[in-house]
Every structure is written in C-alpha cells, then in structure tokens.
Amino acid sequence: MLRDVGTTLGELTKSQLRNLCRVVGIDADEPVRLLGGVLGAADSRPLSEPPLWPSDVADDATPIEFSVQFDDNGARHLRILAETLPAHPGPAANLRAARNLIDDLADRYDLSLDRLRAVQDLFSGTDPQGKFSWWFSFIFDADGTPKFKMYFNPEVSGAEAAPALVAEAFERLGMADAYRTVSKYALQRGELDRLSFFALDLDHSRQSRVKLYIGHHAAQADDVEFAASAVPGIDPAQVREFCSLLAGDTPVFRGRPLISSYSFVEGDQDKPSNYSLYMPIRDYVRDDAVARERLQRHLRQHRISPALLDEVIAAVTDRELAANAGLLAHVSLRLSPNRTGTTVYVSSEAYGGTHRQAR
Ligand code: TRP
C-alpha cells in the first residue's frame, strides 16, 4: 500500500477506494470526490500524525469504513460510512460540521430532507453525549450514482433519554407503531439491549427507509433469532446458522454486541420490511485469516463468488491476514421476504487497525 512518509489519510483512503471501485466495477471519480468532502479537515492530515479525533467509526479512530454489499440476486453495492471532522473537533463542532455537510450535499444532489428536518432537533443536543452525533453513509450503485443515508446517536442526550427520543422520532415520522414492534422483539433484555443507531435514507423513493439498530450485549443466538421473528415471511433460523458459521461455537456473545436492525418504509409500521443482523466478527475469530475462511463458506452457500472477497481484501491491504483481526470488522445478513444479502465491512486500518487483545 502506498504509505510513504507524508502520506495523508486522504491519499491512503482514496487509493483504497479507487481499488474497491475497480473491484465492484464502478467509476471512481464521484466516490473519491465525496470521500474527500466527508473527510473534511482529516483529508490532508499526514498519517504520521495521530488521528484528528477518536472517531468510533473504526477501532483505530479512522473516521471512515468501507463496506461491500452482496445481494443474492447478483447486485453489488459499495458503501462508505463516515464521520466528517472539522479542523477543531469536539462533540458540538462535529455536529455542526455534519449539518454543514448536509447543506453542501443538498446543493449538489437531489436529497429528500423532510424526514431529517422533522427529527433533527431530537438528535442535536446542545451538549452532545456519547461516541458521535451524526454519521454519513454513501451508497454507490452499479453506475456509481450515490445515495445518502444518515445515522443518528439515540444516546446524544444521554443513555436514559434514548428510548423516549427514538419513540418520539418514530411518532413524528408517522410511524408510532414501529417503536412498539421493535420493543416487543428486540428490547426485552433490560440494560443488555441498547438503542445504537437511528437512521434515515435521504432519497425520494417509496422504498426510502427509516431504520433502528439495537445492540444486544451478552446475547445468544436465540435472542437474535427471536428478534428476526418480528419480520413476517423470513426464516429466522437463517440468523442462527449465520451466527454459528461465522462465530464458531460461541455460546454467548460477550465481545462487541450483536446488532439487530429493522427497516420501516412508509405505511409499514407494525411489519418491518426487513431484518439485519450485524456480527462484529473481529471479536469472535483468532484473526482475519479465520474470518475470511468462514465468510467464504457463507458466501459459497449464498452462491456469491468467494474470489470476490479476496479482491475486496486486496483492494485495501497487503498485510498478512493472520497478523491481526479487525480488517473484516463486521459481517451482516439482511433478510427480507423476497431477498437476502450479505454485507462485509472492511477497515481501512489507516491508523494501524484494531488493537490486538490477548486472545
Ligand atoms: N465501530 C462501531 C462498532 O463497531 C460502529 C460501526 C461501524 C458499526 N461500522 C459498523 C456497527 C457496522 C455495526 C455495523 O460498533
């Protein structure tokens, strides 16, 4: 990888992104431009300097993370998750930078901002708490056209306020029942089930989603299988198989939590349109070589070419996979009544990757 003295965060991550665009077969110009914009003040920072801000997007404080979504029907999407950073970061300054970036993007793209405007004050504490306030996701389809998604921190006004805040957000979006549905299936374990993210698609389509993510601490496969049963017409047993294939025989997930998400679209509140399970695989494998092997078995079962995974890995790193865990940060399985998809979250490791723990 290109990492000479003086290499900047922008140079490294843009070269990774160009490679990923080649693997997925899309033109890199627009993705690279968007990446530069969202990196903000971190773009030109030499990697020899410490991270500008301890971003929770990735374990090593890199403020972006790549992911590749493989649909069982053959579609591929490249995505970037990012926290935008101002020159003088801090909780309030980062939130301001995110709001400014939305305004910039809205000047250049046809964004649907009604839902965002309806709930943004809820997720904009004057003294933002927690690990972040707003994150961005750019999703590129086959011709490189971006779609935009925002993630909000339900704990921005403190952990105790999160449930009421999320309930109010759904209410304002005309989806009051959605929160009741989620509570019944995914918030039954007291403090062990925590609201992680509230997210909105910013496109005009009727399929534009409102999503809620729940982190299940110290959970078992049974818990997430039950969480999946909120969605009619899918097979929750697939969630259990996914857990056992990717995490071996982990009886209780005591590392980073399993995460559930539910998507709601207009007019569809008591029945979420899909369920996804996010497995923080890095905490349940010895190293990335093991993660790769397990993931390849999963991909084969879903008739997705395992060679594609190797191309994705080679696009971002040339390190020995057995040297650490965390390049493959999460793997998610999305289940909807007529489609299944797998998403692989790949770390840039710009700042050295996941800190190696004694295993
Ligand atoms: N780094 C955080 C975590 O691991 C947030 C995050 C980044 C995340 N990408 C993700 C969470 C993908 C779930 C899925 O929790």
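In this text, all values refer to a predicted model and were calculated from it rather than measured experimentally. (Residues numbered from 1 in each chain as written. Predicted model: local features only at pLDDT ≥ 70, side-chain atom pairs only at ≥ 80, totals over all residues. Heavy atoms only, no water.)

## So, the overall build of the chain
Within the chain, the secondary structure is distributed over ten helices and ten strands. For the chain, whose C-alpha radius of gyration is 19 Å, the value lies close to the compact-globule estimate of 21 Å for 359 residues. Projecting the C-alpha coordinates of the chain onto the three principal axes gives extents of approximately 55 × 45 × 40 Å. For the chain, the residues scored as buried account for 59% of the 359 residues in total. Residue pairs at least 24 apart in sequence account for 68% of intrachain contacts in the chain once pairs closer than 6 positions are excluded. Positive and negative side-chain charges of the chain, numbering 40 and 50 respectively, have mean locations separated by a distance of 3 Å. (Helix = DSSP H or I, 4+ residues; strand = E, 2+ residues; numbered from the N terminus. Rg over C-alpha atoms; globule rule 2.2 N^0.38 Å. Buried < 20%, exposed > 50% of the residue type's maximum accessible area, 1.4 Å probe, protein only. Contact = heavy atoms within 4.5 Å. Lys, Arg positive; Asp, Glu negative; His and termini not counted. Charge placed at Lys NZ, Arg CZ, Asp CG, Glu CD.)

## Description of the nonpolar core
Counting residues in each nonpolar core, the largest one holds 106 residues, and the members touching the most others are Phe170, Phe198, Tyr262, Tyr275 and Met279. Among the nonpolar cores identified, the runner-up in size contains eleven residues, and Leu81, Ala199, Ile259 and Tyr278 belong to it. (Core = buried A, V, L, I, M, F, W, Y, C linked by side-chain atoms within 4.5 Å.)

## Comments concerning the packing of helix H9 (residues 288-301) against helix H10 (residues 306-316)
Their axes nearest at 8 Å, the elements H9 and H10 cross at an angle of 140 degrees. Judged by the inter-axis angle, H9 sits oblique to H10. Contacts from Arg292, Leu295, Gln296, Leu299 and Arg300 in H9 reach Pro306, Leu309, Asp310 and Ile313 in H10. (Axes fitted to C-alpha atoms, helices over the stretch in contact; angles between N-to-C directions. Parallel < 35°, antiparallel > 145°, perpendicular 65-115°, else oblique.)

## A look at the packing of helix H1 (residues 9-24) against helix H2 (residues 29-39)
Taken N-terminus to C-terminus, the directions of H1 and H2 make an angle of 150 degrees; their axes are 10 Å apart at the nearest point. On the basis of the axis angle, H1 is roughly antiparallel to H2. Every pair of crossing elements has a handedness; the one defined by H1 and H2 is right-handed. Residues Leu9, Gly10, Thr13, Lys14, Leu17, Arg18 and Cys21 of H1 lie in contact with H2, whose contacting residues are Pro31, Val32, Leu35, Gly36 and Leu39. Classifying every residue of the contact of H1 with H2 by side-chain character gives seven nonpolar, three polar and two charged. (Left-handed = near helix turned anticlockwise from the far one by under 90°. Nonpolar A, V, L, I, M, F, W, Y, C, P; charged D, E, K, R; others polar.)

## Quick notes on the sheet that holds strand E7 (residues 258-264)
Strands sit in the order E1-E2-E3-E4-E5-E6-E7-E8-E9-E10 around a closed barrel of ten strands; the barrel is antiparallel. On average, adjacent strands in this sheet sit at an angle of 20 degrees to one another, irrespective of strand direction. Pairing of strand E5 (residues 193-201) with strand E6 (residues 210-216), which is carried by seven bridges, proceeds in the antiparallel orientation. Within the sheet, the bridge partner assigned to phenylalanine 197 lies in E6 and is tyrosine 213. Most of the contacts of H2 go to strand E3 (residues 134-140), to which it runs at about 175 degrees, and overall it touches strand E1 (64-71), strand E2 (76-82), E3 and strand E4 (146-152). Sitting on the sheet, helix H7 (residues 221-228) touches E6, E7 and strand E8 (274-279), and the angle it makes with E7 is about 0 degrees. (Pairing = 2+ DSSP bridges.)

## Structural notes on helix H3 (residues 91-108)
Along its 18 residues, H3 runs 26 Å from first to last C-alpha, staying within 8% of the 26 Å computed at 1.5 Å per residue. Residues Ala93, Asn94, Leu95, Ala97, Ala98, Leu101, Ile102 and Leu105 constitute the buried set of H3. (Expected span 1.5 Å × (residues − 1).)

## Considerations on the side chain of lysine 14
Its location among the elements puts lysine 14 in helix H1. A polar contact of 3.1 Å, which involves the side chain of lysine 14, links it to the side chain of aspartate 43. (Polar contact = N/O pair within 3.5 Å; in protein donor to acceptor, adjacent residues only side chain to side chain.)

## What about the site of the ligand?
With respect to spatial proximity, the complete set of residues near the ligand consists of Asp56, Val57, Glu65, Leu81, Trp135, Phe197, Ile259, Tyr278, Arg282, His330 and Tyr345. Arginine 282 places a polar side-chain atom, nitrogen or oxygen, 2.8 Å from an oxygen atom of the ligand. About the coverage of the ligand: the protein hides 86% of its 350 Å² of free accessible area. Among the residues making up the shell around the ligand, the classes are represented as seven nonpolar, one polar and three charged. (Near = heavy atom within 4 Å. Areas by Shrake-Rupley, 256 points an atom, 1.4 Å probe, with all protein chains shown as cover.)

## Regarding the environment of valine 166
Here valine 166 is to be found in helix H5 (residues 162-172). On the accessibility criterion, valine 166 (0% relative accessible area) is buried. Here valine 166 is in contact with Pro154, Tyr179, Leu195, Phe198 and Leu212, once residues within four sequence places are set aside.

## Quick look at the environment of serine 44
Mapped onto the secondary structure, serine 44 falls in the loop between H2 and E1. Classification of serine 44 as exposed rests on a relative accessible area of 57%. Considered as a pair, serine 44 and methionine 279 are 235 residues apart in the sequence and their alpha carbons are 32 Å apart.

## A word on the packing of aromatic side chains
Per the stated rule, a full pass over the model turns up 20 aromatic pairs. Pairing phenylalanine 132 with tryptophan 135 gives two aromatic rings, centres 4.0 Å apart and planes at 25 degrees, and the pair type is stacked. The pair formed by phenylalanine 132 and tryptophan 135 is uniform in burial state, with each residue classed as buried. Ring geometry for tyrosine 185 versus phenylalanine 226: centroids 5.3 Å apart, planes at 35 degrees, classification tilted. Residue tyrosine 185 is found in helix H6 (residues 176-186), and its partner phenylalanine 226 is found in helix H7; the two are separated by 41 residues along the sequence. Owing to a relative accessible area of 43%, phenylalanine 226 belongs among the partly exposed residues under this scheme. (Phe/Tyr/Trp six-rings, centres within 6.5 Å; stacked < 30°, edge-to-face > 60°.)

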